[in-house]
There are 2 protein chains.
Amino acid sequence: MNVQLLNKKEAIFESTLTLINENGFHGTPMSQIASHANVATGTIYHYFSSKDELITELFAHCRVKTNEHIFNVEASLSYKEKFFYIWNRLVDYYLANKKVFWFIEQFYSSPYYELIQQTKNPSYYGADRMRMFFEEGIQAGIIRDVSFPTLISLYIGAATSHVKMVTYGFCKAQKQGREDLIEIIWNGVKNQ
Amino acid sequence: MNVQLLNKKEAIFESTLTLINENGFHGTPMSQIASHANVATGTIYHYFSSKDELITELFAHCRVKTNEHIFNVEASLSYKEKFFYIWNRLVDYYLANKKVFWFIEQFYSSPYYELIQQTKNPSYYGADRMRMFFEEGIQAGIIRDVSFPTLISLYIGAATSHVKMVTYGFCKAQKQGREDLIEIIWNGVKNQ
DNA sequence: GTTTAGCAATTGAACGTTCATTCGGTTGCA
DNA sequence: TGCAACCGAATGAACGTTCAATTGCTAAAC
């Protein structure tokens, strides 16, 4: 697969992301994706066997990209620093890539997600590194032994809620709110 | 509008909720909603002018029902007790009405939400009572003076994330996790 | 160095289906 | 008598997908 082909697939991904953000899964015909990406309708079916596969693969693609970005962290940092750093990287990434954020949100809360949960494709699971990171902190006695879903609910839940607030325009003093949030979570989960 | 009519409208709402949960906004034809609700297709158009209006009104309906439920709280409780009580009511309500929860989630992350944000219909705003409740705590000096979006991100964000975890089947020890969550949030926002 | 075969990439019109919406007619209540 | 509620077949537009035809590239054959 040469560069040109990669570009076409990327263009299809990018157009799908943009149009689904504007019009939703329905309301985004393949023909529209095609013309937005400057390819013919049939070309999409050269890369993806169906609209469902296109959307499902785009989801996996977004997850991989997001994970690559947020876990790109200096090993020399202290655990606490990493705890803050990764969270801020996540919020930054979503704010800078709102289309990715909303596509993932839309996908999670749609029946699509149940479909891919049944498959075993590891690309769909993004939580492994997060789990490892939390376990590292628990085993070192730095954070409390709280269950993984609880930690995720706090850490990821607060990050996504914050991004939603900013996107909806409910959040004026963004910087202060962000710092408060992650500090409250840290204080809640750290030992002592 | 007599009782029979209310029942029909309720039946249409209920069927829409069920089918959209299973198949999404797309994948749920009006004809299917009609037969599931035991009415003719045309009847839906007697109550709603379009599919979009049906979905938008269903959203407002769900929000009102949810708010009615969670803010039904004993005035005699202390602020801290109310803080815990309302949060648990919210989680309970969503867990007992998963279809409502997922419909709201799907709606929020879809382009529908942007549409209704432009309207001035107060039914669509569910945050007012939550804001009042937080302001009450801040003014009484019981909770820290943290911005409203920050409080919402923690309080609602953690609740919805928890419900998602349970629904996805990631959350085994549900009871402990719930208690940990709201306690961590309380400790993070209370004064002293 | 040119030819040629073959396959991947690409096209967009055409197909068949599905779906939101309409509408002319019926029922039932006031 | 009139009007609201209700019906469901009919309509027409939109959409996912297919496919026969074309282009462009690569590499083997000469």
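In the annotation of an unreviewed UniProt entry, chain A is listed under the name TetR family transcriptional regulator and assigned to Sphingobacterium griseoflavum.

Trainee: Is there a simple way to explain the interface of chain A and chain B in this structure?
Mentor: By convention, interface size is frequently given as the accessible area that disappears when the constituent parts associate. Contact with chain A, which involves 40 residues of that partner, is made by 40 residues of chain B. Between chain A and chain B the total buried area reaches about 3200 Å² when both faces are included, carbon and sulfur atoms providing 65% of it. Taken together, the connections running from chain A to chain B amount to two salt bridges. In this structure, K164(B) engages E105(A) in a salt bridge whose closest nitrogen and oxygen atoms are separated by 3.9 Å. Our count for the contact surface shared by chain A and chain B stands at three residue pairs in polar contact (both at pLDDT 80 or more). At the level of elements, α1 (3-23), α6 (98-108), α7 (111-118), α9 (148-168) and α10 (174-189) of chain A are the ones that each hand at least two residues to the side of chain A that touches chain B. When residues in the side of chain A that touches chain B are grouped by element, the largest group, twelve residues, is from α9(A). The class makeup of the residues in the side of chain A that touches chain B is 20 nonpolar, 15 polar and five charged.

Trainee: Can you walk me through the relation of the copies chain A and chain B in this structure?
Mentor: Here two copies of a chain appear, and what relates them is a rotation about an axis with a shift along it. Expressed as a screw operation, the relation of chain A to chain B combines 0.0 Å of axial shift with a rotation of 180 degrees, fitting to an RMSD of 0.1 Å. Here the two chains are linked by the operation of a two-fold rotation axis. Here 100% of the contact residues of chain A are again contact residues in chain B; the copies associate through an equivalent surface.

Trainee: What is the right way to look at the environment of F83(A) in this model?
Mentor: Residue and element names in this part refer to chain A. Mapped onto the elements, F83 comes out in helix α5 (residues 79-96). With relative accessibility at 1%, the residue F83 sits in the buried group. The spatial distance from the C-alpha of F83 to the C-alpha of W186 is 7.9 Å, given a sequence separation of 103 residues. Other than its neighbours up to four places away in sequence, F83 contacts F133, F134, Y155, I182, I185, W186 and V189.

Trainee: Help me understand the domain arrangement of chain A, please; the structure alone is not making it clear to me.
Mentor: Residue and element names in this part refer to chain A. Once the domains are mapped, chain A shows domain 1 (1-47) and domain 2 (51-189). Domain 1 and domain 2 are separated by 26 Å when their C-alpha centres are compared. Taken together, the contacts link 18 residues of domain 1 with 17 residues of domain 2. Here domain 1 meets domain 2 over a buried area of about 1400 Å², counting both sides, of which 69% is carbon and sulfur. On the domain 1 side of the contact with domain 2, F13, L17 and F25 bury the most area, a combined 47% of that side's loss. Where domain 1 touches domain 2, the interface holds two salt bridges. Residue K9 pairs with E57 through a salt bridge whose shortest N-O separation is 3.8 Å. Where domain 1 packs against domain 2, one counts six residue pairs in polar contact (both at pLDDT 80 or more).

Trainee: What's the story with the protein's contact with DNA strand C in this structure? I'm lost.
Mentor: Taken together, 16 residues lie near DNA strand C, and T43(A), H46(A), Y47(A), M30(B) and K51(B) sit nearest. Atoms of DNA strand C within 4 Å of the protein belong to the sugar or the phosphate in 77% of instances, the rest to bases. A distance of 3.4 Å separates a base nitrogen of DNA strand C from a polar backbone atom of G42(A). T43(A) is positioned such that a nitrogen or oxygen atom in its side chain is 2.7 Å from a phosphate oxygen of DNA strand C. Elements that contribute at least two residues to the surface near DNA strand C include exactly α1 and α3 (41-47) of chain A together with α3 (41-47) of chain B. Here the surface near DNA strand C is composed, by residue class, of seven nonpolar, seven polar and two charged.

Trainee: How should the protein's contact with DNA strand D be read in this particular structure?
Mentor: Taken together, 16 residues lie around DNA strand D, and M30(A), K51(A), T43(B), H46(B) and Y47(B) are the ones closest in. Those atoms of DNA strand D that come within 4 Å of the protein belong to sugar or phosphate at a rate of 76%. A distance of 2.4 Å separates a phosphate oxygen of DNA strand D from a polar side-chain atom of H46(B). It is α3(B) that provides the largest number of residues to the surface near DNA strand D, a total of five residues. The class makeup of the residues in the surface near DNA strand D is seven nonpolar, seven polar and two charged.

Trainee: Where do I start with the UniProt feature "DNA-binding region" (unreviewed entry) in chain A in this structure?
Mentor: Mapped onto the present numbering, the UniProt feature "DNA-binding region" (unreviewed entry) falls at residues 29-48 of chain A. Helix makes up 70% of residues 29-48 of chain A and strand 0%, with an end-to-end C-alpha separation of 15 Å.

Criteria and thresholds
- Residues numbered from 1 in each chain as written.
- Chains lettered and ligands numbered in written order.
- Predicted model: local features only at pLDDT ≥ 70, side-chain atom pairs only at ≥ 80, totals over all residues.
- Heavy atoms only, no water.
- Contact = heavy atoms within 4.5 Å.
- Buried area = accessible area lost by both parts, 1.4 Å probe.
- Salt bridge = Lys/Arg side-chain N within 4 Å of Asp/Glu carboxyl O.
- Polar contact = N/O pair within 3.5 Å; in protein donor to acceptor, adjacent residues only side chain to side chain.
- Helix = DSSP H or I, 4+ residues; strand = E, 2+ residues; numbered from the N terminus.
- Nonpolar A, V, L, I, M, F, W, Y, C, P; charged D, E, K, R; others polar.
- Least-squares fit on C-alpha atoms with pLDDT ≥ 70 in both.
- Buried < 20%, exposed > 50% of the residue type's maximum accessible area, 1.4 Å probe, protein only.
- Domains from an automatic or database assignment.
- Near = heavy atom within 4 Å.
- UniProt positions renumbered as here; feature names shortened; annotations may be inferred.

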